[in-house]
Amino acid sequence: MSKKKIILIDGNSIAFRAFYALPLLTNSSGLYTNAAYGFAMMLLKVLEEEKPTHMLVAFDEGKDTFRHEFYQEYKGKRDKTPGELTGQFPLIKEVLDACQIRYYGLAGYEADDIIGTLSKMADAEEMETLIVSGDKDLFQLVTDQVSVLMTRKGVTEADRYTPESIQDRYGLTPSQIIDLKGLMGDPSDNIPGIPGVGEKTGLKLLHQHGSVEEIIARVADLPGKKLQEKVTEFQEQALLSKRLATIYCEVPLDFGIDDLEQPSIHTEEVIETFKKLEFKTLVDRIKKGLGDQSGQASESDQTLVEYQIVSEDSMGDWNDLLQSDSLSLNVELSEENPHRSELVGLSISDGITNLYIPANVVSKWNKLLDWLGSSNSQKVVFDGKRSEIALSKLGISLEGIEMDILLAAYLLNPSETSLSLSDVVSQHSEYTLASDEEVYGKGAKRKLPTGENLAQHLAQKAYVLYGLQSQLKPEIERTDLANLLYDLEMPLSRVLGKMEKLGVKVDGEQLEQLGSVLQETLERLTIEIYDIAGTDFNINSPKQLGEILFDKLGLPVLKKTKTGYSTSADVLEKLAPQHEIVDKILHYRQVGKLLSTYVEGLKKEIGADGKIHTHFNQTIAATGRLSSVEPNLQNIPIRLEEGRKIRQVFVPSEENWMILAADYSQVELRVLAHISGDPSLQKAFREAKDIHTQTAMDVFQVKEEEITSLMRRQAKAVNFGIVYGISPFGLSQNLNIPQKEAKQFIERYFETYPGVKQYMNDIVAQAKQDGYVTTLLQRRRYLPELYATDFARRSFAERTAMNTPIQGTAADIIKKAMVEIDRVMVEKKMKSRMLLQVHDELIFEVPVEELGSMGDLVREMMEQAVELSIPLVVDLNIGQSWYEAK
DNA sequence: GCGTTCACG
DNA sequence: ACGTACGTGAACGCG
């Protein structure tokens, strides 16, 4: 018999977490079920992953606890539990009953106390204990045997806390957690602590003195007179707070650990309850997973399918299958990057028959090649762009994509970072699929498995892909994402594929020359820096550099990082007046960056055709923007002249062609003016030549002639800050001014543009109601952290709620323009080519005779891509290189 | 593999 | 008191 293991769940805490982490779902009878749903998800997860032998869910019972006897105001200021949640506790208990999980609450005690009592009992019996909660207070119970699973975001993601990880995080032992709370207090429980002491001060004091009692006893040793006074004045309060935070571990229970043995899950009953509550995906999970052996579900629980390997001899037998209305197609490649990969093979499925076609057979099966290239044959694919690029290298065309599962999954949740087919399958269907990493191995160990295993895996891919379409289509419809998927993202992927295949011509010789100039500069700077420092060291090592600057040369430490001194540019700029070495280091860094990332980095990427083929990622950025990798051509230097010269090497690929660059002028601020509807900001865009100057005039209330360059710079920073979801701190950092001043700037801005202020308030409120924000074209981003209790996380989510509709709408606009420009270019049989997109600009190469028509066309389509309440403006530039097109 | 730094919009 | 400007990708040092 393996070791016993008990799971103790903080019922109220998890219910709250689930309630705030999920959008306010209702089932068909109008009943709110989000908290119960989240709770059930968490239960299934811990049952599957932890396989407990014993289990209990503890609830708070009644309002008054023994803590109120000595502190009336305990939990006094807490908001009333929302009605939408209170109604869900019976549902949660229904779920627990169905799973035969015990739950318990006792008047006068909190769930924490019950958990504490049981964890001590379990400890005595040498049972392993896992506490599940969203409340850090429970850390005090942690021992070698007892760990806490702390929900992180939502309810299913959690961190496990052990004595070691608490030590790492706080530098405290678990029992010192109550001392910390005694000092800090906890506003949510109305525990006062010592005013003016937060986590930082609290931790510092505890690291020095160990406990609240010790701190009080040694008050005279504390740093700072203010602090000493506070501790003296509020010592009673601190002791009281500590007492309130201490979990009571002797609750009189009328049952023992043995009574909490967890029987295996009775599948039928659970399914019935989940069906009744309309937890559809959970029903599926139970069906395939948990089984009657409770917790026996395993990783090997994969979807195995029947498959056929197509050979040259047998390929004729399968021609009929290709006549199906719709088939899924998986194009298997050796590398992530399709420009560098080789074809392993194809697999196709109609949901019943699953074929694997090795690469050598593909090229010989003519009917298959016809099917691939036929726009009448509908295909369900995963990452059509990648597939199309790889096939086109073999001269095989791919048409007729009716659904791209990758793009659909991205739109359904653009924040999801893992969008491999295997992840998408587990997220959206009842199946599981081994990840490529499991099948192929990773790193140096990566290799193709033996024939049968490979065929089985690839046939599975095609099979699950076929199933996913019917799963995702309704989800896409329901979330109003159909137009965005079918009319924007899917057509765009074709355009991006073309751009990637075309690539950008790079003048390798000139890159070489630029490199040697930079190399000389770098060597000169290195010598000068060593000379001033009086010693050789690795300037690229922040650690060694810090030692030179701060230990050897004694410069003041303005900022620290987790690992030591900060030597970032903003710090160095402040130190520059104090020592001649600093400017040289800044320059060294700048040149070093250019040399390693841009000269050396780009050189490696030039292909046999003299071009660079970047890879646009369409499913990375949560806002809807594109990203560019291997290499990143969206961050080629421009701000400083020395770096800007890199752009000279990007040239047209043919004689008598030019580079045309078309960029949106202030697109994000225009979007803000549109969605906020602020009259002054709109007026500014209808009239003003320069928005930052106009903002400076409005905010400082001066005439245009009176605007100084400082005023304009500050107005510009405020404009940027507004788009990012402003905070006084952020602006103060950016402008290097006190936070107070930054706050005044923001206030004046909001007085000037009250519509913007209204928008910022409304969008956050709306987001908290819906659980997500949307863009002009209905792109969606969920923001579960809006409900976080942690201030920093919540604030971050609030700024994201302000920024995403702006950045995301700008992304929608340029994407739409790209699709339309491409369509017209094809229609008009233009020779010109779209090469790059850099968020608000498009780069083309254009034969001189098309310059006029392309300029008109591009401007027109970009400016008219969508209709806003204010005009969109596009600037055009032409040159012999990207550098000159400015 | 992670943290720091820095390139872009 | 808290700890941040929004969104990315690449190179490097270090353990």
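Not measured: the values here are computed from a predicted model.

For the rest of this paragraph, the subject is the environment of Pro-871. Among the secondary structure elements, Pro-871 is positioned in the loop between helix H36 (851-863) and strand S23 (874-879). Sequence spacing of Pro-871 and Arg-647 is 224 residues, and the spatial spacing of their C-alpha atoms is 30 Å.

With numbering matched to this structure, UniProt assigns "domain: DNA-directed DNA polymerase family A palm" (unreviewed entry) to residues 643-850. As annotated, residues 643-850 comprises 59% helix and 13% strand, and the C-alpha atoms at either end are separated by 30 Å.

All right, on to the pattern of salt bridges then. The tally for this structure, following the rule as stated, stands at 41 salt bridges. Linking Glu-489 and Lys-815 is a salt bridge whose minimum nitrogen-to-oxygen distance equals 2.8 Å. Pair noted here: Glu-489 is in helix H22 (residues 482-502) and Lys-815 is in helix H35 (residues 791-827), with a separation of 326 residues, a long-range link. On the accessibility criterion, Glu-489 (0% relative accessible area) is buried.

Our focus in this paragraph is the pairing of strand S9 (residues 343-349). In terms of residue burial, S9 counts as a mostly covered element, since 7 of its 7 residues are buried. With 6 bridges joining them, strand S8 (residues 326-333) and S9 adopt antiparallel strand pairing. Residue pairing for S9: Glu-332 is matched across the bridge by Gly-345. Pairing of S9 with strand S10 (residues 354-358) involves 5 bridges; the strand directions are antiparallel. When the bridges of S10 are listed, Ser-347 appears paired with Tyr-356. Count of turn residues in the S9/S10 antiparallel hairpin: 4 residues, of which Gly-351 carries a positive phi of about 95 degrees.

Another aspect to go through is the domain arrangement of chain A. Taken domain by domain, chain A consists of domain 1 (5-260), domain 2 (267-301), domain 3 (308-503), domain 4 (505-612 + 620-651) and domain 5 (652-678 + 753-886). Between domain 1 and domain 3, the C-alpha centre-to-centre distance is 47 Å.

Attention now goes to the pairing of S10. A large share of S10 lies buried, amounting to 5 of its 5 residues. With burial as the criterion, each face of S10 is covered, one bearing Asn-354, Tyr-356 and Pro-358 and the other bearing Leu-355 and Ile-357. By the bridge criterion, 2 bridges tie strand S7 (residues 308-309) to S10 in an arrangement that is parallel. Looking across to S10, one finds that Ile-309 is bridged to Tyr-356.

Around DNA strand B sit 23 residues in total, of which Ala-569, Arg-589, Lys-593, Ile-638 and Asp-840 are the nearest. Backbone atoms, meaning sugar and phosphate, form 71% of the atoms of DNA strand B found within 4 Å of the protein. Between Lys-593 and DNA strand B, the recorded distance is 2.7 Å, taken from a side-chain N or O atom to a base oxygen. When residues of the surface near DNA strand B are assigned to their parent elements, the largest contribution, 4 residues, is made by helix H26 (residues 580-605).

For the bond from Glu-630 to Pro-631, the omega torsion is -5 degrees, close enough to zero to count as cis. Look at Gln-778: it is not a glycine, yet its phi comes out positive at around 75 degrees. Along the chain, the position of Gln-778 falls in the loop between strand S19 (772-774) and strand S20 (780-782). For Gln-778, a relative accessible area of 32% puts it in the partly exposed group.

An α-helix turns once every 3.6 residues. As a result, residues three or four positions apart point the same way. The terminal C-alpha atoms of H22 lie 29 Å apart, and with 21 residues this matches the ideal 30 Å at 1.5 Å per residue to within 8%. Roughly 25 degrees is the biggest bend found in H22, and it falls at Glu-489, with proline Pro-491 one to four residues downstream. Positive backbone phi, approximately 75 degrees, marks Gly-503, located one or two places after H22.

The full set close to DNA strand C counts 37 residues, and Lys-200, Ser-541, Phe-729, Phe-796 and Arg-799 are the nearest of them. Those atoms of DNA strand C that come within 4 Å of the protein belong to sugar or phosphate at a rate of 61%. Between DNA strand C and Ala-717, the relevant distance is 3.4 Å, taken from a base nitrogen to a main-chain nitrogen or oxygen of the residue. Between DNA strand C and Arg-799 there is a distance of 2.7 Å, counted from a base oxygen to a side-chain nitrogen or oxygen. Only H26, strand S16 (627-629), helix H31 (709-724), helix H32 (728-735) and H35 provide two or more residues apiece to the surface near DNA strand C. When residues of the surface near DNA strand C are assigned to their parent elements, the largest contribution, 7 residues, is made by H35. Considering only residue class, the surface near DNA strand C consists of 11 nonpolar, 20 polar and 6 charged.

If you walk across this open sheet you meet the 6 strands as S7-S10-S9-S8-S11-S12, and the pairing is mixed. Each edge of the open sheet is held by one strand with a lone partner, namely S7 and strand S12 (401-404). Against the sheet, helix H17 (residues 384-393) touches S8, S9, strand S11 (378-381) and S12, its axis set at about 65 degrees to S8.

Take the packing of aromatic side chains next. One pass over the full model with this rule turns up 19 aromatic pairs. For the ring pair Phe-274 and Phe-279, a centre distance of 5.7 Å and an interplane angle of 55 degrees mean the geometry is tilted. Since its relative accessible area comes to 1%, Phe-279 is described here as buried. Within the aromatic cluster, the residues linked to one another by ring pairs are Tyr-37, Phe-274 and Phe-279. A cation sits over an aromatic face here: Lys-93 above Phe-59, 4.9 Å from the ring centre. Just above the ring of Trp-371 sits the side chain of Lys-379; from NZ or CZ to the centre is 4.9 Å.

Across the sheet, 3 strands lie side by side as S14-S13-S17; this open sheet has antiparallel pairing. Two strands in the sheet have a free side with no partner beyond their single neighbour: strand S14 (611-612) and strand S17 (650-651). The sheet contact formed by strand S13 (residues 504-506) and S14 spans 2 bridges and is antiparallel. The residue bridging Lys-505 from the neighbouring strand is Lys-611, located in S14.

By size, the foremost hydrophobic cluster in this structure holds 161 residues, and its most contacted members are Phe-650, Tyr-664, Leu-672, Tyr-749, Ile-821 and Phe-844. Per-element tally for this core: the top contributor is H35, with 13 residues. Those residues in contact with Tyr-664 that sit more than four places away from it in its chain are Ile-813, Ile-814, Ala-817, Asp-840, Met-862, Ala-865, Leu-872, Val-873 and Val-874. One finds Ala-111, Ile-177, Ile-194 and Ala-238 within the second-largest nonpolar core, a separate group that totals 47 residues.

Reading the values: the criteria
Residues numbered from 1 in each chain as written. Chains lettered and ligands numbered in written order. Predicted model: local features only at pLDDT ≥ 70, side-chain atom pairs only at ≥ 80, totals over all residues. Heavy atoms only, no water. Helix = DSSP H or I, 4+ residues; strand = E, 2+ residues; numbered from the N terminus. UniProt positions renumbered as here; feature names shortened; annotations may be inferred. Salt bridge = Lys/Arg side-chain N within 4 Å of Asp/Glu carboxyl O. Buried < 20%, exposed > 50% of the residue type's maximum accessible area, 1.4 Å probe, protein only. Pairing = 2+ DSSP bridges. Domains from an automatic or database assignment. Near = heavy atom within 4 Å. Polar contact = N/O pair within 3.5 Å; in protein donor to acceptor, adjacent residues only side chain to side chain. Expected span 1.5 Å × (residues − 1). Bend = angle between axes of the 7 residues up to and from the residue. Nonpolar A, V, L, I, M, F, W, Y, C, P; charged D, E, K, R; others polar. Contact = heavy atoms within 4.5 Å. Axes fitted to C-alpha atoms, helices over the stretch in contact; angles between N-to-C directions. Phe/Tyr/Trp six-rings, centres within 6.5 Å; stacked < 30°, edge-to-face > 60°. Lys NZ or Arg CZ within 6 Å of the ring centre and 35° of its normal. Core = buried A, V, L, I, M, F, W, Y, C linked by side-chain atoms within 4.5 Å.

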